[in-house]
Amino acid sequence: MLIFAINPVYHCQNACSRTFADTILKHMRFFIALLFTIALSASVYGQKVSLSGYMRDASTGESLIAGTVFVKEAEQGATTNTYGFYSVTVPAGKKYTVIYSYVGYNPLVLEMDLSSNLSYNAELTNGATMKEVKITAGRKDENVKNAEMGTISLSIGRIKTLPVLFGEVDILKTLQLLPGVQSAGEGNSGFYVRGGGPDQNLVLLDDAVVYNTGHLFGFFSVFNGDAIKDVTLIKGGAPANYGGRLSSVVDVSMKEGNSKEFHGSGGIGLIASRLTLEGPIKKDKGSFMVSGRRTYIDVLARPFASALQNTGYYFYDANAKANYRFGEKDRLYLSGYTGVDKFKFANSRGSFKADIPWGNNTATLRWNHQFSDKLFANTTLVYNDYNFASSFNQSAFSVKLSSGIKDYNAKTDLDYYTPFNHHFKGGLAYTHHTFIPNQVSGQIDTIKLEPSNAYTKYAHEMGAYILDDFEPNDWLKINAGVRYSYFAQVGPYTGYKFDGSGNATDSVKYKKGEIAKTYGGWEPRLNLRFALNNGSSIKASASQTYQYIHLVSNNGSTLPTDIWAPSTYLIKPQRAVQYSLGYFRNFLDDKLETSVEVYHKDMYNQLQYREGYTPNTLRDPELEYVAGKGEAYGAEFFINKTKGDFTGWIGYTLAWTNQKFTMLNGGETFPLKYDRRHNISATGTYTFNKKWTVSGVFVFGSGNAITLPTAYYFVDGQLTQLYSKINAYRLPAYHRMDLSATYTPKQKKPHRWESSWAFSVYNVYNRKNPYFLYVDNSGNVTEGINIKVYMVYILPVIPAITYNFKF
């Protein structure tokens, strides 16, 4: 039985008698005892056999994630894990019909004699090459059969069919079309999920956290579609193996590479080109994948504009991955990503220069080991580095500003498939954080200003979890788990104490590695599914989550100037409690999926800048924050057509998001900037024939909340503005339609080189959606003041054409 309780966050100062290791070991006893109990109980089950193995793509050897294995006569099933492994236990000595199925692939139906344990690696063929085989059980009804809520998985193939800005496939913009997910603004890849901020989304690329998800100041995401296999969005009720964020999980998996034969693909667009190569290291044993992308606006513009000879902007990114099987029980993965945006400017005389680069770097090393037909382990090491820098030079004066975050991470995860068909997961994770909030250095002639690293902060973050996914009877399925998270800020650090007026009264210095502050808490997670019949179910979810790192910004998106900061002596971790309830029903032989979900989320220790804050580098940013509470609630409606010549979905979200800070807005509740009452999205893709496919997207959203000046007065002859309550006004509603068509030339005979043309139009009817508003005034006190509000929009109708190829 899982007892769901909400407890306040545990924290202590350096004076606590428990050491860092003692605290972790105390809470680990629970997990060790529970795992021992599981293993002991499993040993009493006899006369059963297991069927285990891997599910893979027959043409590429890629692992198929979340595929379904169903043993028909025993009415038992299993789902493949992140690496394609499965295990299911049934009574021994019988012949069974085993059905392997995966979305978009033809099911594999086999007769098996399971008189003893059997290992079988299933290879499925892509459904685009063969006629669909109708079966009565399997993956197609998972929408109503599993216990997951607010979870949507999208294949990269489906994402590529939708029209996008400048013809660049964008995973994050596709996610913005789903109910409960909102865009950060016109053309922006930043997103908000169920009232949470952009920092409350855990974005993972092969287990590595991606701190800045946008190129071109957020207009493009950092994910190159040609290098990605699939993406999963979890909006609420995330399983206990995920932690560290309050609102959502976006889990992105890179392609493993084709282990059968060498292939390449790419595309040439208006502003960027890309190329991907993949192939076997050794056939059916190992494979590799490398992919690169770069914009070239800077290169194309220079010959036509002499003023741009020393000015330009570009971004590039590169993905690489390799894996190798050392037998059937061991496999090693190595993957990496690097992405850089670079803006530079120089005036015609060369007297002023600016250079602004920023980017992410990640590296992931993973080792899979299969201990037995029921126990699977994965050990992961991750390096992650995000940095932003800007330098300015004018004559003898130069200044450089930098910020960033660097992580070293290690974790181990176990999958245990018991003889009584409980799927247990457990694991440990550790991360060492280094935060650089803002550092400034400069030089005037021979005088240098060097940073003292006074504001650089260090922290340890740890987590341990266990969960159980099981189905005690036909109508009930349970996914229950608990996670314990622990966070310790360590020195060097100076902590301050303040009086009621905010003045520092005392300080405490902590040496390198010395614990300055610790926090920790239990995070229970519970997902339930109640089956009403074969085509419908009711699901419920409850969860508590902690977040120990923060992104505080005056902007509505994750721009590179935003600063990541840890929980510290002064800043408490964020906490959220979310409940959700949903009804799920399938129609038309599971070709049409529908759902309605309602949710309520309370958020604590939310951060904003204090009133009157202006950025500076001479004061620790954590002294400028104020804390408050948040509340988000709403309803999400979803209709998803998944099969046939026409596919697509319609989503509608009705939502409210509010915050309350004692030190802001006179202590009154105010809506967040991204509080949008109504959001509608509709997508559709129709395949006319083998040559032509057309797609369309329509979006509508209530306007963002904004703060505007409401009155003006003069002080000592200077015009002064009096602002409204926070976010008391609304921008006009946002709406847009995009269209695209893909033409694939028909080949008279089979050829290794295949190509297609993608035509798209962004903002078809040229809607002038507001990017921001600003107030301008002219005149003086004697002649009178003329005040006008201007709306700025930046993306009119934009046609695009892209040539795609593969070989």
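Residues numbered from 1 in each chain as written. Predicted model: local features only at pLDDT ≥ 70, side-chain atom pairs only at ≥ 80, totals over all residues. Heavy atoms only, no water.

1. Quick word on the overall build of the chain
Each helix and strand in the chain was counted, giving five helices and 52 strands. In the chain, which comprises 807 residues, the share counted as buried stands at 52%. Contacts spanning at least 24 positions in sequence make up 66% of the contacts within the chain whose residues lie at least 6 apart. (Helix = DSSP H or I, 4+ residues; strand = E, 2+ residues; numbered from the N terminus. Buried < 20%, exposed > 50% of the residue type's maximum accessible area, 1.4 Å probe, protein only. Contact = heavy atoms within 4.5 Å.)

2. Description of the pairing of strand β13 (residues 201-205)
Of all the five residues making up β13, five are buried; the element is thus mostly covered by neighbouring parts of the structure. Alternating positions in β13 separate into two faces, N201, V203 and L205 on one and L202 and L204 on the other, with burial throughout. Note: β13 against strand β18 (residues 248-254), five bridges, orientation parallel. Considered in β18, the bridge of N201 is made with S248. As paired elements, β13 and strand β14 (residues 208-209) share two bridges and run antiparallel to each other. From the neighbouring strand, L205 faces β14, where its bridge partner is A208. Linking β13 to β14, which pair antiparallel, is a turn of two residues; within it D206 sits at a positive phi near 50 degrees. (Pairing = 2+ DSSP bridges.)

3. Details of the confidence of the model for the chain
Model confidence for the chain is summarised by a mean pLDDT of 83, while 84% of its residues fall at 70 or above. Below pLDDT 50 for its whole length, residues 129-139 participates in 21 contacts with residues either more than four positions away or in separate chains. Counting interchain partners and residues more than four positions distant, the pLDDT-below-50 stretch residues 555-559 has 15 contacts. (pLDDT = per-residue confidence, 0-100.)

4. Points about the packing of aromatic side chains
By convention here, two paired aromatic rings are described through the distance between centres and the angle between planes. All chains considered together, the criterion is met by 33 aromatic pairs. Where F638 meets W649, the ring centres are 6.4 Å apart and the plane angle is 55 degrees; that geometry is what we call tilted. With F638 in strand β39 (residues 625-641) and W649 in strand β40 (residues 646-661), this residue pair connects regions lying eleven residues apart in the sequence. This pair shows no difference in class: F638 is buried, exactly as W649 is. Among the aromatic residues, those joined into a ring-pair cluster are Y54, Y83, F85, Y333, F376 and Y417. Against the face of F584 rests K539, its NZ or CZ located 4.2 Å from the ring centre. (Phe/Tyr/Trp six-rings, centres within 6.5 Å; stacked < 30°, edge-to-face > 60°. Lys NZ or Arg CZ within 6 Å of the ring centre and 35° of its normal.)

5. Here's the deal with the nonpolar core
Core analysis: the biggest nonpolar cluster contains 65 residues, and I171, L175, L178 and F223 have the highest contact counts within it. Not counting residues up to four positions away in its chain, the partners in contact with F223 are V169, I171, L172, V203, L205, V210, I228, V252 and R293. Counting 20 residues, the second-largest nonpolar core is a separate cluster that includes L64, V90, L114 and L124. (Core = buried A, V, L, I, M, F, W, Y, C linked by side-chain atoms within 4.5 Å.)

6. Regarding the sheet that holds β18
Taken in spatial order, the five strands line up as β10-β17-β18-β13-β14 in an open sheet, and their pairing is mixed. Looking at which strands have only one partner, the edges of the open sheet turn out to be β10 (151-155) and β14. Note: β10 against strand β17 (residues 228-234), five bridges, orientation antiparallel. Looking at the pairing, L154 lines up with V231 of β17.

7. Comments concerning the sheet that holds strand β3 (residues 68-71)
Read across the sheet, four strands follow the order β4-β3-β6-β7 without closing on themselves; strand pairing throughout is antiparallel. Every interior strand has two partners, whereas the edge strands, β4 (76-79) and β7 (108-114), have only one. Geometrically, the sheet is characterised by an average inter-axis angle of 20 degrees between neighbouring strands, direction not taken into account. By the bridge criterion, four bridges tie β3 to strand β6 (residues 94-101) in an arrangement that is antiparallel. What sits directly across from T68, in β6, is S101. (Axes fitted to C-alpha atoms, helices over the stretch in contact; angles between N-to-C directions.)

8. A closer look at the side chain of Q574
Here Q574 is to be found in strand β37 (residues 574-587). Engagement of the side chain of Q574 in a polar contact is seen with the side chain of Q200, the distance being 2.8 Å. In contact with Q574, not counting residues within four places along its chain, are D199, Q200, L246, T545, Y546, Q547, I549, H550, Y604, N605 and Q606. (Polar contact = N/O pair within 3.5 Å; in protein donor to acceptor, adjacent residues only side chain to side chain.)

9. Observations concerning the pattern of salt bridges
This structure, assessed with the given rule, holds 26 salt bridges. With its nearest N and O atoms 3.4 Å apart, the salt bridge here joins D207 to K411. Residue D207 is located in the loop between β13 and β14, and its partner K411 is located in strand β26 (residues 397-417); the two are separated by 204 residues in the primary sequence. Assigned by exposure class, D207 and K411 land together as buried. A salt bridge links E754 to K806; the nearest nitrogen and oxygen atoms lie 3.8 Å apart. With E754 in strand β49 (residues 754-762) and K806 in strand β52 (residues 798-806), the pair connects residues that are 52 residues apart, well separated along the chain. Looking at K806, the relative accessible area reads 48%, which means it is partly exposed. Residues participating in the shared-partner salt-bridge network are D206, D207, K321, R366, K411 and D413. (Salt bridge = Lys/Arg side-chain N within 4 Å of Asp/Glu carboxyl O.)

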